[in-house]
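Reading the structure
Listed below, chain by chain, are the residues.
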Amino acid sequence: KDEDYDRLIINPTVVNSRMRGISTNTKSLGQGFMLTRLALADDEELRIYADDLREFYYCWRGSEARAKRNCIGVLFRGSAFRGLNAYQPELDRSWVLGALSTLAMGGSLAVELAQTAHLELLRSVGACGPSTLVQYRRPFPRGDFVELLSIDDHVRHPESEAGRRGRSRNLPLN
């Protein structure tokens, strides 16, 4: 991800191929290019608000079985985990694998679970309704307010006072 943080990305091809695929809310994924469908007058410009649920996949609590699937493919001395919840003093001198009991990018259900949870959370507070949500392979919503949701990223183009008068879509960029 950057020089201070890594992402856990796995490639469980065999496990994914044996799982029944679920693709309900992944079909609601919004993609940035879809905003090119907005028609603006010459005197209008588009500004959006965007927020990101940081480290969203790592907020999930998984089972021990999931952790065994989500191993970091490098051996560490047990002492490297001192200060973490996973630390076990009896493994100080042993070689161990780090494993995360969370969602990992690449798992077949990770995107579906994450998209569904975030979508339902936003819907519980009145956001991402069917008339405002931009979705791939669906008609673009009509109106002055549109939203996109892509897993942990929520982007919205809110209606402004000027927008209600029918002219400007000049809104602060967050």
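About the cut-offs
- Residues numbered from 1 in each chain as written.
- Predicted model: local features only at pLDDT ≥ 70, side-chain atom pairs only at ≥ 80, totals over all residues.
- Heavy atoms only, no water.
- Helix = DSSP H or I, 4+ residues; strand = E, 2+ residues; numbered from the N terminus.
- Rg over C-alpha atoms; globule rule 2.2 N^0.38 Å.
- Buried < 20%, exposed > 50% of the residue type's maximum accessible area, 1.4 Å probe, protein only.
- Contact = heavy atoms within 4.5 Å.
- Areas by Shrake-Rupley, 256 points an atom, 1.4 Å probe, with all protein chains shown as cover.
- Disulfide = S-S within 2.5 Å.
- Core = buried A, V, L, I, M, F, W, Y, C linked by side-chain atoms within 4.5 Å.
- Salt bridge = Lys/Arg side-chain N within 4 Å of Asp/Glu carboxyl O.
- Expected span 1.5 Å × (residues − 1).

A count of helices and strands for the protein gives 4 helices and 5 strands. Relative to its length of 174 residues, the protein is extended, with a C-alpha radius of gyration of 21 Å against a globular reference of 16 Å. Principal axes of the C-alpha set define a box for the protein whose edges measure 70 × 35 × 25 Å. Of all 174 residues assigned to the protein, the portion counted as buried reaches 32%. Pairs at least 24 residues apart make up 69% of the contacts formed inside the protein by residues separated by at least 6 positions. When the accessible surface of the protein is summed, it comes to about 11,700 Å², and 52% of that surface belongs to carbon and sulfur atoms.

Applying the stated criterion across every chain yields a total of 0 disulfides. Looking at Cys128, it has no disulfide partner, and the nearest cysteine sulfur is the one in Cys59, 18 Å off. Note on Cys128: relative accessible area 0%, which makes it buried.

This brings us to the nonpolar core. Residues Met34, Leu35, Leu38, Ile48, Val134, Phe140, Val146, Leu148 and Val155 constitute the largest nonpolar core, which totals 9 residues. Among residues more than four places away in sequence, those in contact with Val146 are Leu35, Thr132, Val134, Phe140, Pro141, Val155, Arg156 and His157. Counting 7 residues, the second-largest nonpolar core is a separate cluster that includes Phe56, Tyr57, Leu103 and Ile151.

Our focus in this paragraph is the pattern of salt bridges. It is possible for side chains bearing opposite charge to pair when their charged atoms get close. Considering all chains together, one arrives at 5 salt bridges under this definition. Residue Arg156 is joined to Asp51 by a salt bridge in which the shortest nitrogen-to-oxygen separation is 2.6 Å. Remark: Asp51 occurs in strand β1 (residues 49-52) and Arg156 occurs in strand β5 (residues 153-157); sequence separation between them is 105 residues. Exposure remark for Arg156: the relative accessible area of 22% places this residue in the partly exposed category. Taking the shortest distance from any N to any O, the salt bridge between Lys68 and Glu64 comes out at 3.6 Å. Residue Lys68 and its partner Glu64 are both found in helix α2 (residues 64-69); the two are separated by 4 residues, about one turn of the helix. For Glu64, a relative accessible area of 59% gives the class exposed.

Helix length check: helix α3 (residues 110-124), at 15 residues, gives a terminal C-alpha distance of 21 Å against a target of 21 Å (1.5 Å per residue), a fit within 8%. Among the residues making up α3, those that are buried are Ala110, Glu112, Ala114, Gln115, His118, Leu119 and Leu122. Buried residues along α3 sit against β4 (146-150) and β5. Residue Gly126 follows α3 closely and has a positive phi angle near 90 degrees.

These figures come from the coordinates and say nothing about function on their own.
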